[in-house]
Structure formats: C-alpha cells, structure tokens
Amino acid sequence: MALLPILHYPDPKLHTVAKPVQAVDARIRTLISDMLQTMYDAEGIGLAATQVDVHERLVVIDTSEERNQPLVLVNPEITWASPERQVADEGCLSVPGIYDGVERSTSVKVRALDADGQSREISADGLLAVCIQHEMDHLMGKVFVEYLSPLKRNRIKTKMLKARRDPERV
Ligand code: K1U
Ligand code: ZN
C-alpha cells in the first residue's frame, strides 16, 4: 500500500473530467487500496481519484465513527436525488483548512460497481449523501469552493497560493 500525494486547489488538474473505469482489475484494486490508505491517513471521510491525479471514475468513502466501513464506488452514477435540499458545512482534502456551507439534496441513490466489479445501488442520506455528491463533483472536475461567492473563492485561492509559496506562515 502507498500514500498518494493529494492535489491542492487551485491546481488546474482538479478540473479534469474523469473517464469511466474500463475494468475492475489488479491496477484498480491497488489504486482502491492506496486511496483508502491516503483517505484514512489524511483523516478524510472521502477521496475521489481526481484528487490523486488519476482521472478515472473511482471514489472511496468512510463516514463511520470507527473508520472501518469503507465504501468503494467505481463508475458511480446518481440515479435519484431528493428535491428536498439542505445547506451543510463541507471541507475538502484538496482545500485544507476551509469549511463552508453548500446546498445539496438531502438524500440520493447511487449505482456503482464495488471493488469486486459487482453492480450495487446504495441509498444515502445525512453526511453520506453530502459526501457522495461532493465526490461526484470531483469526478466532474468541480471543487466545492465553486459553489461559494466569487469574493470568497478568490480569498480562498489567494490563501492557498500563499500557503503553497510559504507553508510556514499559514
Ligand atoms: O473529497 C474530499 O476532499 C474529502 C472530504 C469529504 C467531505 C467532507 C465533508 C463534507 C463533504 C465532503 C473530507 O473528508 S474533508 C475533511 C473531513 O474529514 C471532514 C469534514 C467535515 C465533516 C467530516 C469530516
Ligand atoms: Zn473534496
């Protein structure tokens, strides 16, 4: 297993649209295991392949308290999203230290392949529904700060660029 470097906003590679995974083979299973290790090490609840500079439709998630219920979504598609929506605070491993409210559907259904290549449909609400929608956005090249006002987004961009230049001062 390996820890993978996570791209930080505003890296333009975060805006790449991911392509479908062609086969759940040994390469993908190694990537799944490396992404899970990277997510747990960074203390995140989710990670999209886009964030580790792999532009294929793969997401790992674990919203459990015990950090022992990994969810692997290969080629995920949202098949239903509730018309009921709610604003909740989000964070992002690609935008460290920034948390802000984003409006999302409160419940979703997602169809995906699991780590064995089996098709599954998952119903999610609460934090899991928020996390799935956040990770699906990553696969489409969208970072959560793009839901914020241009003023907030520019402040975040400036802060991230300063942190990249001078990590000691942030
Ligand atoms: O995709 C990512 O960057 C991971 C991200 C997922 C996420 C968290 C919260 C709302 C939506 C999506 C994170 O894991 S951010 C860091 C984090 O651990 C966290 C933040 C808020 C609540 C719970 C955990
Ligand atoms: Zn994120």
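All figures in this text were calculated on a predicted structure; none of them were measured in a lab. All residue numbers refer to position in the chain's written sequence, counted from 1. The lettering of chains begins at A and the numbering of ligands begins at 1, in the order of writing. In keeping with the model being predicted, local features are shown solely for residues with a pLDDT of at least 70 and side-chain atom pairs are shown and tallied solely at 80 or more, while totals for entire chains, interfaces and linings include all residues. Only hydrogens and water are set aside; all other atoms, that is, all heavy atoms of the structure, feed into the side-chain values.

Caption draft 1: Expanded view of the overall build of the protein. Under the DSSP-based scheme used, a helix requires at least four consecutive residues in state H or I and a strand at least two consecutive residues in state E, with every element numbered from the N terminus. A count of helices and strands for the protein gives three helices and seven strands. Ordered by position in the sequence, the α and β elements of the protein form the string α-β-β-β-β-β-β-β-α-α. Relative to the globule expectation of 15 Å for 170 residues, the C-alpha radius of gyration of the protein, 16 Å, shows essentially globular dimensions. For the protein, the C-alpha atoms occupy an extent of roughly 45 × 40 × 30 Å along the three principal directions. Scored against the burial criterion, the 170 residues of the protein give a buried share of 44%. The contacts in the protein between residues at least 6 apart in sequence include a share of 64% that link residues at least 24 apart. All accessibility values rest on the Shrake-Rupley procedure with a 1.4 Å probe; residue burial counts only the protein chains present in the view. Put simply, the protein shows about 9200 Å² of open surface, and 50% of that area lies on carbon and sulfur atoms. Charged side chains in the protein number 21 positive and 25 negative. The centres of these two groups are separated by 8 Å. The globule rule used for comparison is 2.2 Å times the number of residues to the exponent 0.38, while the radius of gyration itself is calculated over C-alpha atoms. The cut-offs for exposure are 20% and 50% of the maximum accessible area for each residue type, with area from a 1.4 Å probe on protein chains only; residues under the lower value are buried, those over the upper are exposed, and the others partly exposed. Throughout, a residue-residue contact means that at least one pair of heavy atoms, one from each residue, lies within 4.5 Å. When charges are counted, Lys and Arg are positive and Asp and Glu negative, with His and the chain ends excluded. The atoms used to mark charge sites are NZ of Lys, CZ of Arg, CG of Asp and CD of Glu.

Caption draft 2: Focus on the site of ligand 1. Looking at ligand 1, there are 14 residues lining it, with Glu43, Ile45, Gln51, Leu93 and Glu135 nearest. Coverage of ligand 1 by the protein amounts to 84% of the 500 Å² it exposes when considered alone. For the shell around ligand 1, the element with the most residues is helix α2 (residues 126-139), which contributes four residues. Here the nonpolar group is Ala, Val, Leu, Ile, Met, Phe, Trp, Tyr, Cys and Pro; Asp, Glu, Lys and Arg are the charged ones; every other residue, Gly included, is treated as polar. In terms of residue class, the shell around ligand 1 is made up of five nonpolar, six polar and three charged. Near is defined per residue: the residue qualifies when any heavy atom it owns lies within 4 Å of the molecule or strand.

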